[in-house]
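Listed below, chain by chain, are the residues.
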Amino acid sequence: MSDPRVIGHRGASGSAPENTLPAISRAADMGVAMVEFDVKLTRCGTPVLMHDDLVDRTSDGHGPAAGFDLAALQALDAGRWFDDRFAGTRVPTLAQTIDLLVARDLDANVEIKPCPGRTAETARQVVEMLMRLWPADKRPPLLSSFEIEALATARDLAPDLPRALLFETLPSAAEMDRLTADLAPVAVHLWERPIDADVVAAVHGRGLALRAWTVNDPTRAVHLVRLGVDAVFSDFPDRILDALA
Ligand code: G3P
Ligand code: MG
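Criteria and thresholds
- Residues numbered from 1 in each chain as written.
- Chains lettered and ligands numbered in written order.
- Predicted model: local features only at pLDDT ≥ 70, side-chain atom pairs only at ≥ 80, totals over all residues.
- Heavy atoms only, no water.
- Phe/Tyr/Trp six-rings, centres within 6.5 Å; stacked < 30°, edge-to-face > 60°.
- Helix = DSSP H or I, 4+ residues; strand = E, 2+ residues; numbered from the N terminus.
- Buried < 20%, exposed > 50% of the residue type's maximum accessible area, 1.4 Å probe, protein only.
- UniProt positions renumbered as here; feature names shortened; annotations may be inferred.
- Donors = N, O, S within 2.8 Å, 3.2 Å for Na, K, Ca; no water.

A. Just the packing of aromatic side chains, in detail. Taken as a whole and assessed by the stated rule, the structure comprises three aromatic pairs. Ring centres of W81 and F82 lie 5.6 Å apart, and the angle between their planes is 80°; this geometry places the pair in the edge-to-face category. Ring geometry for F146 versus W213: centroids 5.7 Å apart, planes at 85°, classification edge-to-face. Here W213 lies in strand β8 (residues 209-213) and F146 lies in the loop between β5 (142-145) and α5 (148-157), a separation of 67 residues in the sequence. By relative accessible area, which is 17% here, W213 ends up buried. Grouped by ring-pair contacts, the aromatic residues W81, F82 and F86 constitute a single cluster.

B. Quick peek at the UniProt feature "domain: GP-PDE" (unreviewed entry) in the protein chain. Cross-referencing UniProt, the feature "domain: GP-PDE" (unreviewed entry) maps to residues 4-244 in the present numbering. Across residues 4-244, the secondary structure splits into 36% helix and 18% strand, with the terminal C-alpha atoms separated by 11 Å.

C. Structural detail: the coordination of the magnesium ion (ligand 2). With distances of 2.0 to 2.2 Å, the protein atoms coordinating the magnesium ion (ligand 2) are E36 (OE), D38 (OD) and E111 (OE). Every donor residue of the magnesium ion (ligand 2) comes from the same chain, spaced as E-x1-D-x72-E. Here the two residues E36 and D38 agree in accessibility, since each one is buried.

Structure below.
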């Protein structure tokens with residue numbers, strides 16, 4: 001049984017190009033139970049895995065991801081920027097990714113990462129695709145987003161899919177109460193830096209799990225878990241698995 005306290009961030013993105021099928025396969029090879037990845041829409045509305053609004057950092061192309069139709073986006077090389085060994089890697093669609101998650105028996109945290117002005121549309125396309133393609137006998141995907149509107153859209157379309165609030169810093173107690181009541185999340189996914197015992201208590205006190213991103217230092221991961229953090233996202237999940245073993 002793999003350790004559910006360690007989540008591969010953008011796959012195993014320290015060892016393979018982030019948000020690609022090789023990165024997700026690497027995480028599975030490492031024995032990780034769950035991977036996180038970022039999803040946005042092509043120009044034509046197909047959900048694909050990509051973090052930035054621009055394709056420039058993670059491919060050999062230029063310009064906004066939202067300006068590419070699927071064929072043009074998948075003509076880009078999304079691996080060579082990371083290492084020549086990954087030359088020819090393509091930007092995966094969410095549908096292709098679901099196939100791999102099923103084949104490798106991986107749980108998923110789908111982070112809805114809309115391009116500007118496309119928040120509700122992105123959430124809708126992602127949720128509709130998950131409802132269509134996600135096997136009924138597989139543990140449901142966990143949805144998260146920095147965009148409250150995306151989580152509200154997901155709640156309305158698929159109330160049974162679990163949701164996580166995503167923040168850099170925890171909002172005020174009043175705002176947490178409001179969001180918890182409105183969105184019925186199961187967890188908070190928080191930047192690791194501001195986490196201390198008070199933050200853990202504030203999240204757990206509302207009945208929510210707390211997961212920390214992005215933790216690549218094994219010593220920090222052990223400290224956070226000792227504080228009560230339920231899981232950490234890491235680009236190097238193998239290192240964190242070793243440290244927690
Ligand atoms: O979902 C956790 C983490 O991935 C959020 O930040 O910018 O890496 O997507 P980012
Ligand atoms: Mg992310």
